[in-house]
Amino acid sequence: AGTPDPAITELKDWNQYSGPGVDAAPYGVPSPFEAHVVRRDVPWLTADPISSINFTPLHELDGIITPNGLCFERHHSGVAEVDPAEHRLMINGLVDKPLVFTMQDLMRFPRENRVYFLECAANSGMEWRGAQLNGCQFTHGMLHNVMYTGVRLRTLLEEAGVKPAGKWILAEGADASGMGRSIPIEKALDDCLVAFKMNGEALRPEQGYPVRLCVPGWEGNMWVKWLRRIEVGDKPWQLREETSKYTDLMPDGRARRFTWAMDVKSVITNPSPQAPITHGRGHTIITGVAWSGHGKIKRVDVSIDGGRNWQHARIDGPSLSRSLHRFYYEFNWDGSPLYLQSRAIDEQGYVQPTKDALRAARGDNSIYHNNGIQTWYLKSNGEAENVEVS
Ligand code: MTE
Ligand code: CO
């Protein structure tokens, strides 16, 4: 018997008084003790909050699903407030029969439920030239993983009848930026979803309410929100978002373009700069997420010595194609400083590269598509820092 623990011996308010009744919060909110678990932005990244981005607090989450209120946001012209009764989805162009759907029309087609990650192509983009931002929320938080309910784009395109010359689609948003992207018809007919629910409830306004396009495994920019039009054409539209943006400038001055699939990637979310180890040496759990735009994750390795030696991590929870996977690695920390890394391998056999390997292949002019291995320097006091090792 040691000293009495006041957490046990002293009465708390919640032991003595009834709490609020049902309906105190008709739409529930998290505990006030979780008030720090929020999306955050990096003010100097963009000139104004209208065309900007914030980040998912990955270090506060577990499992694979991102709660709706924590899904990062990326808007080109702010959040469009769309009245679903006045929203229409048009299909036009190289089709037998141009069509206009109301939201009610969309709900009468067969639905599917699928869990997919969405990663902005710019995720980790600030890290191309060296370790930059202190926290996985900022280095990797342009990422969310949601169960969508929606209608296959294929179903709607078949309703309209794609003409043989139709090789591409244009997906266009109803927001003020009218953001659009060209998508090859094979992808449109394969697995794209026209989604109206996320994690069971209506899409949040930030995520494109009342309807968005899901383009599984492909860069977030193509997942057009507030989807209002699909045009079928015979070539890509060469829009801003696929020419001046979302292309990768190579050392020889040419640019990689139409780099749609997000390559295999992972990050340790705990410990990390915003989530230090506070329990001292001894049994320690390392956890993180891994994902690939090419399918399922086959294996995740963890290194505690900057990539010299690798151990297999344990993947737990659903292993779904183009969805986040949760991994754990447990070990006995002796309190010495460590260089923590994770490395994911997907079912196609792609191995997450080091940042040096990426730079050797692509130079350092790039912003997009950085899937390099992240290193956290864990100090003896449990704090972690964003560093690079070579
Ligand atoms: N769709 C429209 N209509 N307008 C936008 O600004 N941003 C795109 C894409 N779809 C955008 C859009 C970008 S760059 C990304 S990364 C994702 O939406 C972000 O989706 P999210 O806000 O649900 O995280
Ligand atoms: Co984006």
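Residues numbered from 1 in each chain as written. Chains lettered and ligands numbered in written order. Predicted model: local features only at pLDDT ≥ 70, side-chain atom pairs only at ≥ 80, totals over all residues. Heavy atoms only, no water.

A.B. asks: How would you summarise the site of ligand 1 if you had to cite specific residues and measurements?
C.D. replies: If you check the shell around ligand 1, you find 21 residues, and the closest are Phe72, His76, Asp175, Arg212 and Lys225. Between Phe72 and ligand 1, the recorded distance is 2.6 Å, taken from a backbone N or O atom to an oxygen atom. For ligand 1, a nitrogen atom lies 2.7 Å from a polar atom in the side chain of Asp175. A total of 530 Å² of accessible area belongs to ligand 1 in isolation, and the protein chains cover 100% of it. When the residues that make up the shell around ligand 1 are grouped by side-chain class, the tally is eight nonpolar, seven polar and six charged. (Near = heavy atom within 4 Å. Polar contact = N/O pair within 3.5 Å; in protein donor to acceptor, adjacent residues only side chain to side chain. Areas by Shrake-Rupley, 256 points an atom, 1.4 Å probe, with all protein chains shown as cover. Nonpolar A, V, L, I, M, F, W, Y, C, P; charged D, E, K, R; others polar.)

A.B. asks: Give a detailed account of the side chain of Lys265, specifying residues and quantitative values.
C.D. replies: As for its placement among the helices and strands, Lys265 is situated in strand β15 (residues 265-270). At a separation of 2.8 Å, a polar atom in the side chain of Lys265 contacts the side chain of Glu119. From its side chain, Lys265 meets the backbone oxygen of Asn370 in a polar contact 2.8 Å long. Those residues in contact with Lys265, other than ones at most four positions away along the chain, are Glu119, Asn123, Ser124, His140, Val289, Ala290, Trp291, Ala344, Gln352, Asn370 and Asn371. (Helix = DSSP H or I, 4+ residues; strand = E, 2+ residues; numbered from the N terminus. Contact = heavy atoms within 4.5 Å.)

A.B. asks: Account for unusual backbone geometry, naming residues and giving values.
C.D. replies: Along the chain, Tyr209 connects to Pro210 via a cis peptide bond; the corresponding omega equals 10°. Summarising the element assignment, Pro210 is placed in the loop between β10 (201-202) and β11 (212-214). Following Asn270, the chain continues to Pro271 via a peptide bond in cis, the omega torsion being -5°. Unlike most non-glycine residues, Asn199 shows phi in positive territory, near 45°. Note on placement: Asn199 falls in the loop between β9 (193-198) and β10. Under the relative-accessibility criterion, Asn199 is labelled partly exposed at 27%. Even without being glycine, Arg322 reaches a positive phi, approximately 60°. As for its placement among the helices and strands, Arg322 is situated in the loop between β19 (314-316) and β20 (325-333). (Buried < 20%, exposed > 50% of the residue type's maximum accessible area, 1.4 Å probe, protein only.)

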